[in-house]
Amino acid sequence: EASQVPESELRTISLLEMERQSRWLAAQGRPLTPELKNLAGLYEIRYLVVSPDERDLYLVGAAGPWHWSPDGRAVNTKTGKPVLQLDDLVVCLRNAFFDNGKFGCSIDPRTDNLVQTQELLKTEFSKHSGWQKKLQETLGQQDISVFGIPADSHAASVLVEADYRMKLVGMGLEPSIPEVPSYLARVAALPDGTLPATDIARWWFTLDYDSLVADPQRAVFAFTGTGVRVMSENELLDAQGKRQTLGTSQGPTKGFAQDFTRHFSKMAAKYPIYQQLKGVFDLALVSALIRQENLGSRVGWSMDYFVGAVGDANYHDGKALYPIRRNYVPRQVDSVMNTRVFQSRAGQRNLKHTVVGISGGVNCDFGGLVRSQQLRTDGSLQVSITAPGDENSNSQWWWD
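Residues numbered from 1 in each chain as written. Predicted model: local features only at pLDDT ≥ 70, side-chain atom pairs only at ≥ 80, totals over all residues. Heavy atoms only, no water.

Undergrad: Break down the nonpolar core for me, with residues and values.
TA: One finds Y274 and I290 to be the most contacted residues of the largest nonpolar core, which totals 100 residues. Top contributing element to this core by residue count: helix 10 (residues 272-292), with 12 residues. Other than its neighbours up to four places away in sequence, I290 contacts L15, L48, L57, L93, F97, L295, G296, W301 and M303. (Core = buried A, V, L, I, M, F, W, Y, C linked by side-chain atoms within 4.5 Å. Buried < 20%, exposed > 50% of the residue type's maximum accessible area, 1.4 Å probe, protein only. Helix = DSSP H or I, 4+ residues; strand = E, 2+ residues; numbered from the N terminus. Contact = heavy atoms within 4.5 Å.)

This is how it looks when you write it as structure tokens:
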């Protein structure tokens with residue numbers, strides 16, 4: 001399903017015509033074209049444009065041909081950036097209207113396993129061969145939960161993979177970049193020669209947009225910022241295996257989160273899943289703006305195929321809706337843990353520092369973002385959209 005659509009710095013996509021094309025194909029019993037599935041190769045959103053005269057909403061941004069990477073992602077052939085997905089847009093639109101723009105995932109250790117792990121760490125089992133494997137077995141699996149969006153959707157799989165791989169990088173189990181050393185690479189012995197207590201380093205992804213900008217007529221919207229931030233928090237374990245939230249982060253936990261955020265673009269260039277996460281975030285922000293600014297009503301778009309009957313909790317309303325593809329998203333995943341061995345000052349013994357039960361996830365509130373953040377007005381923000389004149393064109397829902 002690769003496509004040779006041309007490269008374009010500013011491709012325009014008509015949201016209303018794209019919905020009509022999708023509905024028409026479904027009524028004919030025909031599958032979506034690769035161009036529809038992959039938003040005509042769009043990989044970066046620059047503007048959301050409202051045209052009451054044309055009764056349309058447009059996404060405008062960089063796009064081009066794509067191919068499938070070895071790990072199964074549709075990526076732009078020139079930049080390597082993942083191409084945005086129609087499924088993700090539909091999921092984000094439905095979330096904006098029925099869950100107020102809140103969604104995310106969580107990967108958490110099981111309390112019983114943490115109790116057993118804590119007891120194990122009190123013994124001297126680390127002196128025996130195979131102790132790290134035993135520790136991994138005791139930690140067992142962590143539980144995955146998804147909220148706000150279908151747990152088996154493509155968007156959910158992006159959230160879960162991005163979160164899990166971020167923890168692998170943090171624990172030094174996947175290569176990082178020089179600017180973002182792993183957590184364990186940052187751990188140092190305390191002044192008395194001992195090591196920090198074994199604890200839980202909690203990291204999670206959230207939003208990081210600098211500003212939302214609109215022209216004076218609120219017909220052109222843009223947003224700036226990396227889009228994705230890594231947050232952190234230190235937690236301790238009590239005797240019952242319960243996690244005690246400290247409310248703050250410090251040392252290696254905080255340093256890894258800050259550096260990951262600061263160098264997010266470089267991390268995303270190395271691992272496309274992080275760029276894919278930003279793509280989902282951007283689509284969710286567009287969806288939240290459409291709802292908050294009432295853009296559907298301004299152009300007469302009911303969204304009844306992509307979203308459904310707005311205001312109806314069931315939102316099916318007896319009508320056929322766009323069917324999102326379902327992907328397998330696991331319910332459990334192996335715990336992420338790692339150990340670093342230190343030589344004591346005296347050189348007589350080795351010190352082992354173990355970090356276990358890494359938790360976190362993705363936590364987003366796009367509805368809250370657009371409601372709370374003042375839209376900055378910029379009189380220089382102008383985008384001229386000229387719709388194609390050929391109504392018989394097969395590509396009239398997108399053009400350059």
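Undergrad: Residues and numbers for unusual backbone geometry, please.
TA: Positive phi outside glycine occurs at R55, with the angle close to 50°. Counting through the fold element by element, R55 comes out in the loop between strand 2 (42-51) and strand 3 (56-63). A positive phi angle, close to 55°, is found at R218, a residue other than glycine. Positionally, R218 belongs in the loop between strand 9 (211-214) and strand 10 (220-224). Take R218: its relative accessible area is 33%, and that puts it in the partly exposed class.

Undergrad: Let's hear about the packing of aromatic side chains: which residues, and what values?
TA: What the rule picks out here adds up to 15 aromatic pairs. When the centroid spacing of 6.4 Å and the interplanar angle of 50° are considered together, the rings of F260 and F264 count as tilted. Residue F260 shares its accessibility class with F264, and that shared class is buried. A ring pair is formed by F260 and Y274, whose centres lie 5.2 Å apart and whose planes are at 85°; its orientation type is edge-to-face. Here Y274 lies in helix 10 and F260 lies in helix 8 (residues 251-262), a separation of 14 residues in the sequence. Comparing F260 with Y274, the two get one shared label, buried. (Phe/Tyr/Trp six-rings, centres within 6.5 Å; stacked < 30°, edge-to-face > 60°.)

Undergrad: Would you mind going over the pairing of strand 7 (residues 141-147) in detail, with residue names and values included?
TA: In this sheet, strand 7 lies alongside strand 6 (residues 102-108) in antiparallel orientation, the contact comprising 5 bridges. Directly across from G104, in strand 7, lies its bridge partner F147. Two elements, strand 7 and strand 13 (residues 332-334), share 3 bridges in a ladder whose sense is antiparallel. Bridge pairing links Q141 to D334 in strand 13. (Pairing = 2+ DSSP bridges.)

Undergrad: Pulling in residues and values, what's your account of the sheet that holds strand 17 (residues 376-377)?
TA: Strand order across the open sheet formed by 7 strands is 17-9-10-2-3-1-18, with mixed pairing between neighbours. Both outer strands of the open sheet, strand 17 and strand 18 (398-399), are each paired with one neighbouring strand and no more. With 2 bridges connecting them, strand 2 and strand 10 associate as antiparallel partners. Paired with L48 across the two strands is F221, which belongs to strand 10. Where helix 1 (residues 15-27) meets the sheet, it contacts strand 1 (8-14) and strand 3, and its direction lies at approximately 60° from that of strand 1. Together, strand 2, strand 3, strand 9 and strand 10 form the strand contacts of helix 10, whose direction differs from that of strand 2 by roughly 10°. (Axes fitted to C-alpha atoms, helices over the stretch in contact; angles between N-to-C directions.)

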